[in-house]
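# Observations on the model geometry
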Amino acid sequence: MTYPHAIIFDLDDTILDTTLSADRLWSRAAEKFAKQADLDATAFDAQMKISREWFWSDPKRNLAGRMDLYKARSGCVEHALKTLDASNAQLATSIADWFTQRRITAMQPFDGAIDTLHTLKQAGVRLGLISNGKGETQRDKVIRFGLEPLFDCIILEGEFGTGKPDRRVFDHALDELQAKPSDTWMVGDNLQWEVAAPQALGIKGIWVDWRGTGLPEDTDVVPDRTVRSIAELVV
Ligand SMILES: [Mg+2]
């Protein structure tokens with residue numbers, strides 16, 4: 001296996017099962033609270049999923065939401081309740097509280113993800129981590145999953161002051177890793193942040209298609225490589 005000098009990873013939905021674990025936990029919340037809203041649990045779960053997609057799809061809401069996850073969560077629940085004609089601000093808060101208390105422990109690394117990072121490190125590859133989100137939240141995850149010693153450079157949006165796709169985060173990572181763009185891979189699940197933006201700087205963009213759905217029809221982004229999980233990088 002030939003590796004580049006440096007590989008930069010995204011964290012959520014690349015190393016950690018962020019969305020999968022959240023979806024599972026939201027479904028449990030729907031089960032638990034549907035009765036209080038006089039709703040069918042399956043319908044409530046489905047609408048909360050639609051509301052989350054609606055919320056996070058807008059870049060402005062996405063930025064504000066990742067800096068205040070609690071507000072984002074209660075906002076998504078409120079939106080779902082309202083759409084189902086069951087508006088209830090107090091219940092939205094209770095659900096967001098319940099979810100928030102369980103969120104971090106529900107999250108796990110994808111199968112083989114941590115072993116993959118160890119293998120790459122042992123092979124002498126310089127490893128970087130660039131993660132968007134609030135500094136505190138993202139740093140908690142880095143510590144909880146023992147990621148700090150694995151990486152030569154860790155850039156968290158909330159700590160650094162700006163996030164992907166701002167080229168300053170990639171430039172800073174290349175500097176820290178003493179890497180040339182042409183000898184660097186960026187690996188992540190977001191086509192804009194982790195494929196298109198680094199490619200524009202000459203970095204190879206590897207897309208993690210963890211859902212296995214293939215490229216969306218409406219994208220013009222062409223990844224240099226697509227994997228289902230980062231474990232494929234060391235096979
Ligand atoms: Mg991600």
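Every value quoted in this text rests on a predicted model; they were computed, and no experiment measured them. (Residues numbered from 1 in each chain as written. Predicted model: local features only at pLDDT ≥ 70, side-chain atom pairs only at ≥ 80, totals over all residues. Heavy atoms only, no water.)

## Focus: the coordination of the magnesium ion
In plain terms, the rule: Each metal's donors are the N, O and S atoms within 2.8 Å of it, or within 3.2 Å when it is Na, K or Ca, and because water is not part of the set, sites may look incomplete. Relative accessibility under 20% of the residue-type maximum defines a buried residue, over 50% an exposed one, and the middle range a partly exposed one, all with a 1.4 Å probe and only protein chains included.
Within the protein, Asp 10 (OD), Asp 12 (O) and Asp 189 (OD) serve as the donor atoms for the magnesium ion, at 2.1 to 2.2 Å. Sequence positions of the residues that donate to the magnesium ion give the spacing D-x1-D-x176-D. By relative accessible area, Asp 10 is classed as buried at 5%.

## Observations regarding the pairing of strand S3 (residues 153–156)
Here is the rule we go by: Any two strands with at least two DSSP bridges between them are considered paired. Note on conventions: DSSP H or I runs of at least 4 residues are helices, E runs of at least 2 residues are strands, and numbering of each starts at the N terminus. The handedness rule is simple: strands pointing away from the viewer, and a clockwise path from the first strand over the helix to the second, make the crossover right-handed.
Direction of pairing for strand S2 (residues 126–131) relative to S3: parallel, over a ladder of 4 bridges. In the strand pairing of S3, Gly 128 is matched with Cys 153. Handedness of the crossover joining S2 and S3 through helix H7 (residues 135–144) is recorded here as right-handed.

## Here's the deal with helix H10 (residues 191–199)
Filter applied, for reference: We call two residues in contact whenever any of their non-hydrogen atoms come within 4.5 Å of each other. Counted as a polar contact is a pair of N or O atoms within 3.5 Å, where, for protein atoms, one must be capable of donating a hydrogen and the other of accepting one, and residues adjacent in sequence contribute only when both atoms are in side chains.
Burial in H10 covers these residues: Leu 191, Trp 193, Glu 194, Val 195, Ala 197 and Pro 198. Buried residues along H10 sit in contact with helix H3 (59–67), helix H9 (167–177), strand S4 (184–188) and strand S5 (204–208). A distance of 3.0 Å separates the backbone nitrogen of Gln 192 from a side-chain oxygen at the start of H10, and that oxygen is part of Asn 190.

## Here's the deal with helix H6 (residues 113–122)
Put simply, the rule reads: Read the arc as the range of directions from the helix axis to the C-beta atoms.
Residues of H6 that are buried include every one of Ala 113, Thr 116, Leu 117 and Leu 120, and no others. Viewed end-on, H6 has its buried residues packed into an arc of 100°, placing them on one side of the element. Along H6, exposed side chains directed more than 90 degrees from the buried face belong to Asp 115 and Gln 122. As for H6, its buried residues are in contact with strand S1 (6–9) and S2. Positive phi appears at Gly 124, one or two residues downstream of H6, with a value of about 90°.

## Topic: the domain arrangement of the protein
Put simply, the rule is: A domain assignment, automatic or from a database, supplies the domain bounds used here. Note on terms: buried area is the combined drop in 1.4 Å-probe accessible area of two parts once they are placed together, counting the loss on both. Only one rule defines a salt bridge in this text: a Lys or Arg side-chain nitrogen within 4 Å of an Asp or Glu carboxyl oxygen. Gly is put with the polar residues, along with every residue not named as nonpolar or charged; the nonpolar set is Ala, Val, Leu, Ile, Met, Phe, Trp, Tyr, Cys and Pro, and the charged set is Asp, Glu, Lys and Arg.
If you check the domain split of the protein, you get domain 1 (6–17 + 108–234) and domain 2 (18–106). Relative placement of domain 1 and domain 2: their C-alpha centres are 27 Å apart. Taken together, the contact pairs 17 residues of domain 1 with 13 residues of domain 2. For the pair domain 1 and domain 2, the summed buried surface comes to about 1200 Å²; carbon and sulfur atoms form 53% of the total. Summed over the shared surface of domain 1 and domain 2, the number is 2 salt bridges. Where Arg 66 meets Glu 157, a salt bridge forms, and the shortest distance between an N and an O atom there is 2.8 Å. Counting residues per element, the side of domain 1 that touches domain 2 draws most heavily on H7, which supplies 3 residues. Among the residues forming the side of domain 1 that touches domain 2, the class breakdown is 4 nonpolar, 4 polar and 9 charged.

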